[in-house]
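Each chain, written out:
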Amino acid sequence: MNCFYVMSLLFILLLGPVGTFAQEATEGIGFCSEYVAQKTMGFISDSEVVGKSCSGTFWIKKSSGGKFVVSAVIPVGSFDSGIRKRDVDIERLFTSSSSKGLLRFDSKELDATFLEQLKSGSAELPGVLTLKDVSRDVRFEVQLDSENKRILATLETKLTDFGLEPPRVLGGFIAKVHPDFKIRVNVDAKVLSDFNPQE
């Protein structure tokens, strides 16, 4: 079994209450995520595996005092690494009866300071990432690519932090996935101009 990739940021159901700024992630909107992992084939070479998805939903929920929370959900089955068997194995790895094959991120409460830092170039996005049935505090590094008008978010973490055993073939003699992986998300930067936490 080849390597794999996990999740990303910014998306979940449009059914939020009044005061929620929500947007569905589709090809046209330009909201995509990918996982990046390292695999070793035998004892010979390491290579990178990337699984990409442009499916999912994100929302920004406003709260009192100009504060807000960013949430996102992506179906694991939407990741495409170019090898169908690997994609099926990844979906199986991250699916349980309770998780239903969804990866989720919920940020901590944010305010205008986060938006100001991001508009200046970069910011940290703290929150909770849930993989399968385990939730962990994480921090995405978020950057504004003003030239390409994109927001780029990156997280480096480990499968083992979420109680997941990296896949192996014949105990790793044939192939194995390393526990370290990255989650990268990019979204159209117009979400910054379209959102005002004070309104």
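The coordinates are above.
Residues numbered from 1 in each chain as written. Predicted model: local features only at pLDDT ≥ 70, side-chain atom pairs only at ≥ 80, totals over all residues. Heavy atoms only, no water.

Caption draft 1: Up close: the nonpolar core. Within the largest apolar cluster, 42 residues are counted, with the highest numbers of intra-cluster contacts made by Phe68, Phe94, Phe114, Leu129, Leu131, Phe140 and Ile151. Element by element, the count of residues in this core is highest for strand S11 (residues 175–188), at five residues. (Core = buried A, V, L, I, M, F, W, Y, C linked by side-chain atoms within 4.5 Å. Buried < 20%, exposed > 50% of the residue type's maximum accessible area, 1.4 Å probe, protein only. Helix = DSSP H or I, 4+ residues; strand = E, 2+ residues; numbered from the N terminus.)

Caption draft 2: Here's a closer look at the pairing of strand S4 (residues 56–62). In terms of residue burial, S4 counts as a mostly covered element, since five of its seven residues are buried. Where S4 lies against strand S5 (residues 68–75), six bridges are found, and the strand directions are antiparallel. What sits directly across from isoleucine 60, in S5, is valine 70. Turn length for the S4-S5 hairpin, with the two strands adjacent in sequence and antiparallel, is five residues, and the turn residue glycine 65 shows positive phi of about 70°. (Pairing = 2+ DSSP bridges.)

Caption draft 3: Summary view of the state of the cysteines. Under the counting rule described, the total for this entry stands at one disulfide. The side chain of cysteine 32 participates in a disulfide bridge whose partner is cysteine 54; the two sulfur atoms lie 1.9 Å from each other. Residues cysteine 32 and cysteine 54 are joined by a disulfide whose S-S torsion is about 95°; by sign, that bridge is right-handed. With cysteine 32 in strand S2 (residues 32–41) and cysteine 54 in the loop between strand S3 (45–53) and S4, the pair connects residues that are 22 residues apart, well separated along the chain. Cysteine 32 gets classed as buried once you look at its relative accessible area, which sits at 17%. Classification of cysteine 54 as partly exposed rests on a relative accessible area of 22%. (Disulfide = S-S within 2.5 Å.)

Caption draft 4: Expanded view of the pattern of salt bridges. By the definition in use, this model includes eight salt bridges. With a closest N to O distance of 3.4 Å, lysine 108 and aspartate 137 form a salt bridge. Of this pair, lysine 108 sits in the loop between strand S6 (102–107) and helix H2 (112–120) while aspartate 137 sits in strand S8 (residues 134–145), placing them 29 residues apart in sequence. Under the relative-accessibility criterion, lysine 108 is labelled partly exposed at 37%. (Salt bridge = Lys/Arg side-chain N within 4 Å of Asp/Glu carboxyl O.)

Caption draft 5: Representation of the pairing of S8 within the structure. Across ten bridges, strand S7 (residues 122–131) lies against S8 in antiparallel orientation. In the sheet register, leucine 129 faces S8, and the bridge partner there is arginine 136. Hairpin connection from S7 to S8: two residues lie between these consecutive antiparallel strands, with lysine 132 at a positive phi of about 60°. When S8 meets strand S9 (residues 150–158), the two strands line up antiparallel, connected through five bridges.

Caption draft 6: Structural view of the packing of aromatic side chains. Considering all chains together, one arrives at two aromatic pairs under this definition. Relative to phenylalanine 79, the ring of tyrosine 35 lies with its centre 5.3 Å away and its plane at 70°, an arrangement referred to as edge-to-face. Here phenylalanine 79 lies in the loop between S5 and helix H1 (84–93) and tyrosine 35 lies in strand S2, a separation of 44 residues in the sequence. Considered together, tyrosine 35 and phenylalanine 79 belong to a single accessibility category, that of buried residues. (Phe/Tyr/Trp six-rings, centres within 6.5 Å; stacked < 30°, edge-to-face > 60°.)

Caption draft 7: Focus on H2. Residues of H2 that are buried include every one of Phe114, Leu115 and Leu118, and no others. All buried residues of H2 project into a common sector of 95° when viewed along the axis, lining one side. Of the residues in H2, the exposed ones pointing more than 90 degrees away from the buried face are Glu116 and Ser120. The elements touched by buried residues of H2 are S5, S7, S8, S9 and helix H3 (190–194). A positive backbone phi angle near 145° is found at glycine 121, which sits one or two residues after H2. (Arc of directions from axis to C-beta. Contact = heavy atoms within 4.5 Å.)

Caption draft 8: Examining the side chain of serine 53 more closely. For serine 53, the location among the structural elements is in strand S3. Under the relative-accessibility criterion, serine 53 is labelled buried at 2%. Only 3.1 Å separates the side chain of serine 53 from the backbone nitrogen of serine 55, close enough to count as a polar contact. Ignoring sequence-local partners within four residues, the contact set of serine 53 consists of Cys32, Ser33, Ile74, Ser78 and Phe79. (Polar contact = N/O pair within 3.5 Å; in protein donor to acceptor, adjacent residues only side chain to side chain.)

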